[in-house]
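Analysis of the macromolecular model
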Amino acid sequence: MNLALKEYLQTHGKHLDSEDVTLIPLEGEGKVLDRVEMLHQNLIRNHAWRRALHEADLVLVATHSQGTPTSVLLLARWIEQGLLRVTEDDSQMQRIGVLAMAGISHGPFPFLKGNLALRWFETEAARELFEFMDSESRIAKKYQEGLRTVLISGVRLTCVASLEDQVVPLYSAIMTSIHHPSIVRAVYIDSESYKNDFLINLISFALRLRNAGVNDHGILEHLSEVVAGSIYGNGHSTIYDEREVYLLSIRSLLEPPASLTPEAVKSDPILNPFKAKQRLNPFYLPWGMRGIADEIMARGDQVLIKELERLMRLYNKWDPVTKGMKEIKFRLEPIRSKL
């Protein structure tokens, strides 16, 4: 994040000396609430860190996987205790951004729960992550409370999924059930995996819809399993080596869209109930795509209409090779004319 910030400032003709930036590497293992307490105490005991946090003009938080709910709850605690300055009547109100990389907001892939080959999930902290699959669980409710505190306090949240993640589904990394204008959603695609085909463009399109406040009608949830990586792959980890991911988070915070008014920033997030399913209804996908098409046509947005037309052309050219992708193309066949 530090290198990305320097690069961003250089492109805008600005420079920061090393003493102008304080790095606070908070580390610790365990269950989410245990980590929150541990990391909070680590910060409090370090007077230089605590002072730097309170006096900073800009606060950037980079987090990965289980660190996402941990960091959100930690930030909520700092906001409530006044360690962060977020009130509008404070002349030194801070700008705060969180980068959530492959965040496990709605839990891991449900099928991993019964996979005995994954020793990592035998630990208590890892088993807790499956509780995030149900928004009614105790830890998920705590997380939702933290998200609400953070979002209505003006924190900008950038959620970036990893396309071939073998642990965290696309829908989980982008917080599909949470709606708020301060959330920016994106997907990281490794150069070796990138193809300018229908599926990649459909995912990108659905993410743009969510960023514009338009309902994706569950499309991203239903595409998540198809783009899952190999259990023995490293898609879950490669995301945090890409500097552009960090730059996106910085740009999202410092270059907000005109539609992100002070009133929108302070609005209450919509926290829809969510419960991950082992198996999704295969007939839902075409209805979801029809819902998107109908909504875009009703809006009369020519940019989105042209994008739908482009998706239709890509669909006609698409020649999927995997079983899952072939199934996606088959399911969408009935709405070819609607696209």
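Look up a bit, the structure's there.
Residues numbered from 1 in each chain as written. Predicted model: local features only at pLDDT ≥ 70, side-chain atom pairs only at ≥ 80, totals over all residues. Heavy atoms only, no water.

Points about unusual backbone geometry
- Backbone geometry at alanine 102 places phi at a positive 50°, although glycine is not the residue there.
- If you trace the backbone, alanine 102 turns up in the loop between strand E2 (95-101) and helix H5 (124-128).
- In this structure, methionine 175 is a non-glycine residue whose phi angle is positive, near 55°.
- Assignment of secondary structure puts methionine 175 in the loop between helix H7 (170-173) and strand E4 (178-179). (Helix = DSSP H or I, 4+ residues; strand = E, 2+ residues; numbered from the N terminus.)

Focus on the packing of helix H8 (residues 198-211) against helix H14 (residues 302-317)
- Running from amino to carboxyl end, H8 crosses H14 at an angle of 160°, the nearest separation of the two axes being 9 Å. Taken together, H8 and H14 sit at an angle that is classed as roughly antiparallel. Read as a crossing pair, H8 and H14 show a hand that is left-handed. Residues Phe198, Asn201, Leu202, Phe205, Arg208 and Leu209 of H8 form the contact with H14, whose own contacting residues are Leu304, Glu307, Leu308, Arg310, Leu311, Leu314 and Tyr315. (Axes fitted to C-alpha atoms, helices over the stretch in contact; angles between N-to-C directions. Parallel < 35°, antiparallel > 145°, perpendicular 65-115°, else oblique. Left-handed = near helix turned anticlockwise from the far one by under 90°. Contact = heavy atoms within 4.5 Å.)

Looking at the packing of helix H13 (residues 284-299) against helix H15 (residues 323-332)
- One can describe the packing of H13 onto H15 by two numbers: an axis separation of 8 Å at closest approach and a directional angle of 60°. By the angle class used here, H13 and H15 are oblique. Classified by chirality, the crossing of H15 by H13 is right-handed. Where H13 abuts H15, its residues Leu285, Pro286 and Met289 lie against Ile328, Arg331 and Leu332.

Looking at the packing of aromatic side chains
- Counted by the stated rule, this structure contains 5 aromatic pairs.
- Arranged with centres 5.2 Å apart and planes meeting at 25°, the rings of phenylalanine 109 and phenylalanine 111 form a pair that is stacked.
- Overall, phenylalanine 111 belongs to the partly exposed group, its relative accessible area being 33%.
- Across the ring face of tyrosine 315, the terminal group of lysine 329 is positioned such that the distance to the ring centre comes to 5.3 Å. (Phe/Tyr/Trp six-rings, centres within 6.5 Å; stacked < 30°, edge-to-face > 60°. Buried < 20%, exposed > 50% of the residue type's maximum accessible area, 1.4 Å probe, protein only. Lys NZ or Arg CZ within 6 Å of the ring centre and 35° of its normal.)

Concerning helix H1 (residues 2-11)
- Inspection of H1 places Ala4, Leu5, Tyr8 and Leu9 among the buried residues, and these make up the whole buried set. The arc that holds every buried residue of H1, seen down its axis, measures 130°, which confines them to one face. Pointing more than 90 degrees away from the buried face of H1 are the exposed residues Leu3, Gln10 and Thr11.
- Residues of H1 that are buried sit in contact with strand E1 (58-64) and helix H11 (243-254).
- One or two residues past the end of H1 sits glycine 13, with phi positive at roughly 70°. (Arc of directions from axis to C-beta.)

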